[in-house]
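# Chains, contacts and geometry: an overview
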Amino acid sequence: MAVLFSSCGKQDKQPSPERPNIIIIYLDDLGYGDVSAYGSTTISTPNMDRLANEGLKFTRGYAASATCTPSRYALLTGTYPWRNKNARILPGTAPLLIDTSMITLPKMLRQQGYKTGIVGKWHLGLGDGSIDWNEQISPGPNEVGFDESYILAATQDRVPTVYIENGNVVGLEETDPIMVSYSENFEGEPTALDHPEMLKMKWDHGHNNSIVNGIPRIGFMKGGQRARWIDEDMADVFLEKAREFIHNQRESPFFLYYALQQPHVPRTPHPRFVGATSMGPRGDVIAEADWCIGELMKTLEEEGLLENTLIILSSDNGPVINDGYLDQAVELLGDHKPSGPLRGGKYSLFEAGTRVPFLAFWKGYIEPGTSDAMISQIDLAASLAELTGSSATFRDSENMLPVLLGRSQDGRKTLITEATGRTALHYENWLVIPPNNGPEVFQNVNIESGNSAEYQLYDLTTDLSQQKNLAPGDSARLNQFIQIYKNLTAI
Ligand code: NG6
Ligand code: CA
């Protein structure tokens, strides 16, 4: 860290410029165009905008993948998700995806004296193959570097619909054990197919298994009635836990991974936020998430920690409008463009799949501005190692600390992004998508996949929305990029 700050020789456990508190605010399916600081005039996100306007706004910040689990895997391990064949959207019963012997971002920070905590969405698997939800659930976040965890296991639309605190289901009663299956229903338990009259939210595709809180889910669940979450309260529950974590860590620097569930489906704003936008639940939960971020900032201010805290905000993948529920997201979208000027969305190899809001805020240390340097969430591990003086290395994570802090525009030269098992190459301002046989449009979600039988080559400097495939006319450049792609993806 000597490169950026002269050491003040502090040896105590207080946060300092060498060891600030670190918060990663990670949204779920928030698009490049869903934040007003990124140019949207159809949505108002004042608290995210504050981070952008008083911090550094990246125009080329990437998630590692266009879906959740692989992006989160890369964020925490600094390793490309396509190196691990199991890094794909996981069911709620999947075993822990991260090898407990692997170095992770939270483990590294813990070695540097940080208290580490996760609040929110996990979706990286739990247990070692067969989980008894009524016992201590392990391994999980606490075994890969988090001192404290308060999580939802997979996604808001997947069972089990309960919170898990440090490996224990919150509020579970011995007399009402939980059972979970992704293959068959439990006798007598209502599903969306045989009890449509019980639904307060209707499904469009998938999502027709167990009904919890009037919402049909993916997967089957029985028992644990008192432990089941109320979706509309989830934002408040996670916010309260995040605030509590911050409040309790006054003695040492902390790392908080605050993984909000919005605006992933099912979109269930608290009644306070119903009607906050004209876009129905999808807009309303973005307003709710923005409010949560404002409250978190207030907590830091109240605790006198705002100057000592590096806040990074991003999203795990791009946006989707209809992701399986009929929640009026399509009908009420109006002129709003969740992908902004980019092509594609969640699940897509096109730019909107992985290019996401990416903000870095650190009062007094990061000068407000905009950076066009290419940076990936995968780089946070190595960059934060550098910041905190750790010598840990991560397989694919590049030290982008000077870029992250706005001292340099020298971003990544190459990046491999992933979407539902396919990969593409970013080389400086170019995007190369290798041929794929799959459908050009994922019909259920109405998103262009990026698939084509031919190579695609786009110049993102002049063609941000990827309209003109330059591959046919520029075979020399294409061949050079194909070679680079092959070298980088050879496992
Ligand atoms: C898909 C779900 C979608 C969402 C996604 C995971 C269906 C038809 N679709 O399989 O609703 O849950 O998985 O999203 O079931 S992610 O952001 O966690 O990757
Ligand atoms: Ca997601």
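This report concerns the structure included in the present document. Sequence positions are assigned chain by chain, starting from 1 and proceeding in written order. Each chain is given a letter, starting from A, and each ligand a number, starting from 1, according to the order in which they appear as written. Only residues with pLDDT of at least 70 are given local features in this predicted model, and only at 80 or more are side-chain atom pairs given and counted; all residues enter the totals for whole chains, interfaces and linings. The basis for every side-chain value is the complete set of non-hydrogen atoms in the structure, without hydrogens or water.

## Thoughts on the site of ligand 1
Only heavy atoms are used to decide nearness, and a residue is near a molecule or strand if one of them lies within 4 Å of it. Ligand 1 sits among 20 residues. The nearest are Cys-68, Asp-157, Arg-158, Asp-323 and Lys-346. Polar contacts here mean pairs of N or O atoms no more than 3.5 Å apart (in protein, one a potential hydrogen donor and the other a potential acceptor; neighbouring residues in sequence count only if both atoms are side-chain atoms). Here an oxygen atom of ligand 1 sits 3.5 Å away from a polar atom, N or O, in the side chain of Asp-28. Contact distances for ligand 1 include 3.1 Å between an oxygen atom and a side-chain N or O atom of Asp-29. Coverage of ligand 1 by the protein chains reaches 85% of its 450 Å² of free accessible surface. Here the term charged refers only to Asp, Glu, Lys and Arg, the term nonpolar to Ala, Val, Leu, Ile, Met, Phe, Trp, Tyr, Cys and Pro, and the term polar to all other amino acids, Gly among them. Classifying every residue of the shell around ligand 1 gives five nonpolar, eight polar and seven charged. Residue exposure ignores everything except the shown protein chains as possible cover, and the areas themselves are Shrake-Rupley values with a 1.4 Å probe.

## Describing the coordination of the calcium ion (ligand 2)
Counted as donors are the N, O and S atoms within 2.8 Å of the metal, or 3.2 Å for Na, K and Ca, while water is not among the atoms, so some sites may look incomplete. Within the protein, Asp-28 (OD), Asp-29 (OD), Asp-316 (OD), Asp-316 (OD) and Asn-317 (OD1) serve as the donor atoms for the calcium ion (ligand 2), at 2.2 to 2.7 Å. Here the calcium ion (ligand 2) binds six donor atoms, and the angle range of 52 to 171° at the metal identifies the geometry as irregular. If you list the donors of the calcium ion (ligand 2) from N- to C-terminus, the spacing comes out as D-D-x286-D-N. Of the two residues, Asp-29 sits in the loop between β1 (21-27) and α1 (46-53) while Asp-316 sits in the loop between β14 (309-315) and β15 (325-326), which places them 287 residues apart along the sequence. Across this residue pair, the class does not change: Asp-29 and Asp-316 are buried. Donor angles set the geometry label: tetrahedral for four donors if every angle is between 85 and 135 degrees, square planar for four and octahedral for six if opposite donors exceed 155 degrees and the others are between 65 and 115, irregular for anything else. Helix and strand definitions here come from DSSP, where helices need a minimum of 4 consecutive H or I residues and strands a minimum of 2 consecutive E residues; each element is numbered from the N-terminal end. Here the term buried applies to any residue with accessible area under 20% of the maximum for its type, exposed to any over 50%, and partly exposed to those in between, with areas from a 1.4 Å probe on protein chains only.

## A look at the packing of α1 against helix α5 (residues 281-302)
Axis definition: a line fitted to C-alpha atoms, over the contacting stretch in the case of helices. Angles run 0 to 180 degrees between N-to-C directions. Interhelical geometry of α1 versus α5 gives an angle of 55° and a closest axis separation of 7 Å. Taken as axis vectors, α1 and α5 run oblique relative to one another. Here Pro-46, Asn-47, Met-48, Arg-50 and Leu-51 of α1 come into contact with α5, specifically with Ile-286, Asp-290, Trp-291, Ile-293, Gly-294, Met-297 and Glu-301. A breakdown of the residues in the contact of α1 with α5 according to their chemical character gives seven nonpolar, two polar and three charged. Note that the term roughly parallel is reserved for angles under 35 degrees, roughly antiparallel for angles over 145, roughly perpendicular for angles of 65 to 115, and oblique for everything else. By definition, residues are in contact when any of their heavy atoms lie within 4.5 Å.

## Digging into the sheet that holds strand β17 (residues 369-371)
For two strands to be treated as a pair, DSSP must find no fewer than two bridges joining them. In spatial order, the strands read β7-β6-β5-β4-β13-β1-β14-β16-β2-β17; together these ten strands make up an open sheet with mixed pairing. In this open sheet, the two edge strands, each paired with only one partner strand, are β7 (168-169) and β17. Pairing of β14 with strand β16 (residues 358-361) involves four bridges; the strand directions are antiparallel. Following the sheet pairing, Ile-311 is matched in β16 by Phe-361.

## Re the packing of aromatic side chains
Aromatic pairing here means that ring centres of Phe, Tyr or Trp (its six-membered ring) are within 6.5 Å. Orientation follows from the plane angle: under 30 degrees is stacked, over 60 is edge-to-face, and everything else is tilted. Under the counting rule described, the total for this entry stands at 17 aromatic pairs. When the centroid spacing of 5.5 Å and the interplanar angle of 35° are considered together, the rings of Tyr-150 and Tyr-163 count as tilted. Of this pair, Tyr-150 sits in strand β5 (residues 148-152) while Tyr-163 sits in strand β6 (residues 163-165); the two residues are 13 residues apart in sequence, bridging distant segments of the chain. In this structure, Tyr-150 and Tyr-163 share a single accessibility class: buried. Aromatic side chains Tyr-163 and Trp-229 sit 5.7 Å apart centroid to centroid with 45° between the ring planes, which places their arrangement in the tilted category. Of this pair, Tyr-163 sits in strand β6 while Trp-229 sits in the loop between β12 (220-222) and α4 (234-248), and the two are 66 residues apart along the sequence. Of the two residues examined, Tyr-163 and Trp-229, each falls in the buried class. Of the aromatic side chains, those joined through ring pairs into one cluster are Tyr-26, Trp-122, Phe-146, Phe-255 and Tyr-257. Over the aromatic face of Tyr-38 sits the side chain of Lys-57, whose NZ or CZ is 5.3 Å from the ring centroid. The criterion for a charge sitting over a ring is simple: Lys NZ or Arg CZ within 6 Å of the ring centre, and within 35 degrees of the ring normal. The side chain of Arg-272 reaches across the aromatic face of Trp-291, ending 4.9 Å from its centre.

## Points about the pattern of salt bridges
Within this document, salt bridges are pairs made up of a side-chain nitrogen of Lys or Arg and a carboxyl oxygen of Asp or Glu, the two lying within 4 Å of each other. For the structure shown, the criterion picks out 28 salt bridges. Across the salt bridge formed by Lys-121 and Asp-28, the nearest N and O atoms sit 2.6 Å from each other. Here the residue Lys-121 occupies a position in strand β4 (residues 115-121), and Asp-28 occupies one in the loop between β1 and α1, the gap between them amounting to 93 residues. Considered together, Lys-121 and Asp-28 belong to a single accessibility category, that of buried residues. Among the ionic pairs, Glu-232 bridges to Lys-200, the shortest N-O distance being 2.9 Å. Placement of Glu-232 in the loop between β12 and α4 and of Lys-200 in the loop between β8 (179-181) and β9 (202-203) is noted, with a sequence separation of 32 residues between them. Relative accessible area serves as the criterion here: at 17%, Glu-232 is assigned to the buried category.

## Things to note about unusual backbone geometry
Here the amide bond leading from Val-159 into Pro-160 is cis, since omega sits at 0°, within 30 degrees of zero. Geometrically, the link from Val-265 to Pro-266 is a cis peptide bond, its omega value of -10° lying close to zero. Of note, Pro-266 is situated in the loop between β13 (254-259) and α5. Even without being a glycine, Asp-29 presents a positive backbone phi close to 75°.

## Quick notes on the nonpolar core
Side-chain atoms within 4.5 Å are what join buried Ala, Val, Leu, Ile, Met, Phe, Trp, Tyr and Cys residues into a set we call a nonpolar core. Counting residues in each nonpolar core, the largest one holds 104 residues, and the members touching the most others are Ile-25, Trp-122, Tyr-257, Tyr-258 and Leu-404. Setting aside chain neighbours within four positions, we find Tyr-258 in contact with Ile-24, Ile-25, Tyr-26, Val-119, Phe-238, Leu-239, Ala-242, Cys-292 and Leu-296. Among the nonpolar cores identified, the runner-up in size contains 29 residues, and Ala-419, Leu-457, Ala-471 and Ile-484 belong to it.

## Describing helix α9 (residues 475-489)
For the α-helix, the turn length of 3.6 residues means that residues three or four positions removed from each other point alike. Counted at 1.5 Å a residue, the expected span for α9 with its 15 residues is 21 Å, and the 20 Å between its end C-alpha atoms agrees. Among the residues of α9, those classed as buried are Leu-478, Phe-481, Ile-482, Ile-484, Tyr-485 and Thr-489. One side of α9 holds all its buried residues, which, seen down the axis, span an arc of 165°. Those residues of α9 that are exposed and angled more than 90 degrees off the buried face are Ala-476 and Asn-487. Among the structural elements, β19 (414-419), β20 (422-427), β21 (430-433) and β24 (456-459) are those in contact with the buried residues of α9. Working rule for helices: expected span equals 1.5 Å times residues minus one. In this description, the arc belongs to the directions extending from the helix axis to the C-beta atoms.

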